[in-house]
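Okay, here's what each chain looks like letter by letter:
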Amino acid sequence: EAQVTQNPRYLITVTGKKLTVTCSQNMNHEYMSWYRQDPGLGLRQIYYSMNVEVTDKGDVPEGYKVSRKEKRNFPLILESPSPNQTSLYFCASSLTGPARGYTFGSGTRLTVV
Amino acid sequence: KNEVEQSPQNLTAQEGEFITINCSYSVGISALHWLQQHPGGGIVSLFMLSSGKKKHGRLIATINIQEKHSSLHITASHPRDSAVYICAVRGSQGGSEKLVFGKGTKLTVNP
């Protein structure tokens, strides 16, 4: 089944403890991206990647890192999480080109205390 | 002012009603997407539009590039259509892959 898999689905952590949220897709998509969703603010783009070893900042990249060493994986790294990074996170992927839609992961609900 | 504005924010309808959700944007775009987010949180891509109109089942999406406006219509609405509908635009700046989202329209369809 074609899908984007995020792990974990839920995570509670403490301020400053490094964490990684994994994202993997099995559709050979070039494009992958991370978003956060907050009440009243909606979805906002954190980072995206057009292909292996190519990443770029979205609208809210501060406090996050990403890497794209393989086409299928695009992990989101929080080196020193803070409570304002408590949010619902989504990973998505798509083909490149003009006529593409996005496939989203199921989301990761992160709480930083 | 947000780059992408959706209206209404909340919409309650009776089963069978015709639904319209609007999206206006202020920037040049290469594409506009309509997404559906169910109460469980998962997001599904419904349409990608760069011009004209698309139809899938009871859902119809239209876009007017000159007026910077798109609409999502649901015919013969059903309680299972209850969800948040989100409009997102991809900029037209060369090579731009940034997506900017509207805040969503929460639709509730009562039986």
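Since this is a predicted model, take the numbers as computed values, not measurements. (Residues numbered from 1 in each chain as written. Chains lettered and ligands numbered in written order. Predicted model: local features only at pLDDT ≥ 70, side-chain atom pairs only at ≥ 80, totals over all residues. Heavy atoms only, no water.)

So what about the environment of Asp59(A)? Which residues, and what values?
Mapped onto the elements of the fold, Asp59(A) is located in the loop between β6 (54-57) and β7 (65-66). Sequence separation between Asp59(A) and Pro75(A) is 16 residues; the distance between their C-alpha atoms is 18 Å. If we skip the residues at most four places from it in the chain, Asp59(A) touches Gln45(A), Lys98(B), Leu99(B) and Val100(B). (Helix = DSSP H or I, 4+ residues; strand = E, 2+ residues; numbered from the N terminus. Contact = heavy atoms within 4.5 Å.)

Residues and numbers for the sheet that holds strand β6 (residues 52-56) of chain B, please.
Residues and elements named next belong to chain B. Read from one edge of the open sheet, five strands run β1-β3-β8-β7-β6, paired in antiparallel fashion. Edge positions in the open sheet fall to β1 (4-7) and β6, since each of these has one partner strand only. The sheet shows a mean angle of 15° between the axes of neighbouring strands, taken without regard to direction. (Pairing = 2+ DSSP bridges. Axes fitted to C-alpha atoms, helices over the stretch in contact; angles between N-to-C directions.)

Explain the side chain of Ser67(A) residue by residue, including any values.
Residue and element names in this part refer to chain A. On the secondary structure map, Ser-67 appears in the loop between β7 and β8 (76-78). Classification of Ser-67 by relative accessible area gives buried; the value is 18%. Setting aside residues no more than four positions away along its own chain, Ser-67 makes contact with Asn-73, Phe-74 and Pro-75. (Buried < 20%, exposed > 50% of the residue type's maximum accessible area, 1.4 Å probe, protein only.)

Run through the interface of chain A and chain B, naming residues and quoting values.
Taken together, the contacts link 22 residues of chain A with 15 residues of chain B. Here chain A packs against chain B, burying approximately 1,600 Å² in sum over the two surfaces, 56% of which is carbon and sulfur. Considering only the side of chain A, the residues that lose the most area to chain B are Leu43(A), Tyr102(A) and Phe104(A), jointly responsible for 34% of the buried surface there. Summed over the shared surface of chain A and chain B, the number is two residue pairs in polar contact (both at pLDDT 80 or more). Broken down by secondary-structure element, the contributors of at least two residues to the side of chain A that touches chain B are β4 (31-38), β5 (42-51) and β9 (87-94) of chain A. For the side of chain A that touches chain B, the element with the highest residue contribution is β5(A), accounting for five residues. (Buried area = accessible area lost by both parts, 1.4 Å probe. Polar contact = N/O pair within 3.5 Å; in protein donor to acceptor, adjacent residues only side chain to side chain.)

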